[in-house]
Amino acid sequence: MAYACSLGIICSLLILFCGLGAESLIIVSCIWLAKWSSTNVTTSQQRDTFLGLYGVLGLGQVLLISAMSLILAYSSMKAARNLHQGLLVNIMHLPMQFFETTHIGRIVNRFSRDVNSVDDKIPRSLSMFIRTFLSTLGTIFVISYSTPLFLTCVFASGVFFTYLFREHLYQHPVS
């Protein structure tokens, strides 16, 4: 949660906007490709129209995914700077007794492990989560668009699993 706040609201919204835009363009290009393959293309003008729009959709995908990656890289550096500063301030404000009883190697090791997580692991995991989540939403949308009956199955499964989850939670409360 601290990392999400450190990214900044504007950068977070831009990342989501670019990701949703790129996924939308992927869906539209799949639909366009299906339309192209089902159409009997007889003239070079029709072919050029289909090919041109498919190319524009691909270029839009590249631009939005690149923008998302750049914004995520920038905001990750900003978040890392904010979190490092907070971590350093917290370490410096610890009582002297902590430094007398804790070995300096243990402090440095823990500090460097936390810095590594903030600099490397969290941004990579966040990027993979966003892409996987948006891809999953896009897949559900495409399946729902092509087979509307799928939505009834999803709704019924959602109700069933919600019921099971609540029953399990009430029988085995989390402490």
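Residues numbered from 1 in each chain as written. Predicted model: local features only at pLDDT ≥ 70, side-chain atom pairs only at ≥ 80, totals over all residues. Heavy atoms only, no water.

Engineer: What is the right way to read the overall build of the protein chain from this model?
Structural biologist: Within the protein chain one finds 6 helices and 0 strands. Residue pairs at least 24 apart in sequence account for 74% of intrachain contacts in the protein chain once pairs closer than 6 positions are excluded. Total accessible area on the protein chain is roughly 12800 Å²; 70% of this is exposed by carbon and sulfur atoms. Treating the 11 positive side-chain charges of the protein chain as one cloud and the 7 negative ones as another, the clouds have centres 3 Å apart. (Helix = DSSP H or I, 4+ residues; strand = E, 2+ residues; numbered from the N terminus. Contact = heavy atoms within 4.5 Å. Areas by Shrake-Rupley, 256 points an atom, 1.4 Å probe, with all protein chains shown as cover. Lys, Arg positive; Asp, Glu negative; His and termini not counted. Charge placed at Lys NZ, Arg CZ, Asp CG, Glu CD.)

Engineer: Can you help me understand the UniProt feature "transmembrane region" (unreviewed entry) in the protein chain in this one?
Structural biologist: In this structure's numbering, the residues bearing the UniProt feature "transmembrane region" (unreviewed entry) are residues 7-34, 54-74 and 149-165. Note that residues 7-34 is 96% helix and 0% strand, and that its end C-alpha atoms are spaced 39 Å apart. Taken as a whole, residues 54-74 contains 100% helix and 0% strand, while its terminal C-alpha atoms sit 30 Å from one another. (UniProt positions renumbered as here; feature names shortened; annotations may be inferred.)

Engineer: Looking at this structure, I do not really get the layout of surface pockets. What am I missing?
Structural biologist: Over the atoms a probe the size of a water molecule is rolled, and this reveals where empty space is left. What the largest pocket holds in volume is close to 160 Å³. As for the largest pocket, its lining consists of Ala 4, Leu 7, Ser 12, Ile 15, Leu 16, Leu 126, Phe 129, Ile 130, Phe 133 and Leu 134. When contributions to the lining of the largest pocket are tallied by element, the ones reaching two or more residues are helix H1 (2-7), helix H2 (9-38) and helix H5 (104-146). For the lining of the largest pocket, the per-class residue count stands at 9 nonpolar, 1 polar and no charged. (1 Å grid on protein atoms, 1.4 Å probe; cavity = no way out; pocket = protein on both sides within 12 Å on 5 of 7 lines; lining within 4 Å. Points joined across faces, edges and corners; volume = space filled by probe spheres on them. Nonpolar A, V, L, I, M, F, W, Y, C, P; charged D, E, K, R; others polar.)

Engineer: Mind showing me how you'd approach the packing of H2 against H5 here?
Structural biologist: Helix-helix packing: each pair is described by the crossing angle between the helix axes and the interaxial distance. One way to put it is that H2 packs onto H5 with a least axis distance of 10 Å and a crossing angle of 35°. H2 and H5 meet at a crossing whose hand is right-handed. On the side of H2, the interface is formed by Ile 15, Gly 19, Leu 20, Glu 23, Ile 27 and Ile 31, while H5 contributes Ile 130, Leu 134, Ser 135, Gly 138, Phe 141, Val 142 and Tyr 145. (Axes fitted to C-alpha atoms, helices over the stretch in contact; angles between N-to-C directions. Left-handed = near helix turned anticlockwise from the far one by under 90°.)

Engineer: Please clarify how helix H3 (residues 44-92) should be interpreted in this entry.
Structural biologist: Side chains that are three or four residues apart share a direction in an α-helix, a result of its 3.6 residues per turn. With 49 residues, H3 ought to run about 72 Å at 1.5 Å a step, and its terminal C-alpha atoms sit 71 Å apart, in line with that. By the burial criterion, the buried members of H3 are Phe 50, Leu 57, Gly 60, Gln 61, Met 68, Ile 71, Leu 72, Ser 75, Ser 76, Ala 79, Ala 80 and Ile 91. Lining the buried residues of H3 we find H1, H2, helix H4 (96-101) and H5. (Expected span 1.5 Å × (residues − 1). Buried < 20%, exposed > 50% of the residue type's maximum accessible area, 1.4 Å probe, protein only.)

Engineer: Before we go on, may I ask you to explain the pattern of salt bridges in this structure?
Structural biologist: Once the charged atoms of two side chains with opposite charge are near each other, the side chains can pair. In total, this model carries 3 salt bridges according to the counting rule given. Here Arg 47 ties to Asp 48 by a salt bridge, and the two come within 3.1 Å at their closest N and O atoms. When its relative accessible area of 42% is taken as the criterion, Arg 47 is described as partly exposed. For Asp 48, a relative accessible area of 41% gives the class partly exposed. (Salt bridge = Lys/Arg side-chain N within 4 Å of Asp/Glu carboxyl O.)

Engineer: How do you make sense of the environment of Tyr 74 when you look at a structure like this?
Structural biologist: Take Tyr 74: it is sitting in helix H3. The sequence separation of Tyr 74 and Leu 7 amounts to 67 residues, and the corresponding C-alpha distance is 8.9 Å.

Engineer: Before we go on, may I ask you to explain the environment of Arg 124 in this structure?
Structural biologist: Summarising the element assignment, Arg 124 is placed in helix H5. Separated by 51 residues in the primary sequence, Arg 124 and Ala 73 place their C-alpha atoms 9.7 Å from one another.

Engineer: What exactly am I supposed to notice about the nonpolar core here?
Structural biologist: Nonpolar side chains in soluble globular proteins tend to be buried together. Core analysis: the biggest nonpolar cluster contains 8 residues, these being Cys 11, Ile 15, Cys 18, Met 68, Ile 71, Leu 72, Ile 130 and Leu 134. Going through the elements one at a time, H2, H3 and H5 are the ones with two or more residues in this core. In contact with Ile 71, not counting residues within four places along its chain, are Cys 11, Leu 14, Ile 15 and Cys 18. Of all hydrophobic cores here, the second largest spans 5 residues; its members include Tyr 3, Leu 7, Ala 80 and Val 118. (Core = buried A, V, L, I, M, F, W, Y, C linked by side-chain atoms within 4.5 Å.)

Engineer: Explain the packing of aromatic side chains to me, please; I cannot follow it from the model alone.
Structural biologist: The description of an aromatic ring pair rests on the distance of the ring centres and on the angle between the ring planes. Under the criterion given, the structure shown has 7 aromatic pairs. Ring geometry for Trp 32 and Phe 50: centres 5.0 Å apart, planes at 40°, overall tilted. Remark: Phe 50 occurs in helix H3 and Trp 32 occurs in helix H2; sequence separation between them is 18 residues. Take Trp 32 and Phe 50: they sit in the same class, and that class is buried. Each ring, one from Trp 36 and one from Phe 50, has its centre 5.8 Å from the other, and the planes form 5°; the classification is stacked. Residue Trp 36 is located in helix H2, and its partner Phe 50 is located in helix H3; the two are separated by 14 residues in the primary sequence. With respect to burial, Trp 36 and Phe 50 carry one shared label: buried. Each residue in the set Trp 32, Trp 36, Phe 50 and Tyr 54 is aromatic and connected to the rest through ring pairs, giving one cluster. (Phe/Tyr/Trp six-rings, centres within 6.5 Å; stacked < 30°, edge-to-face > 60°.)

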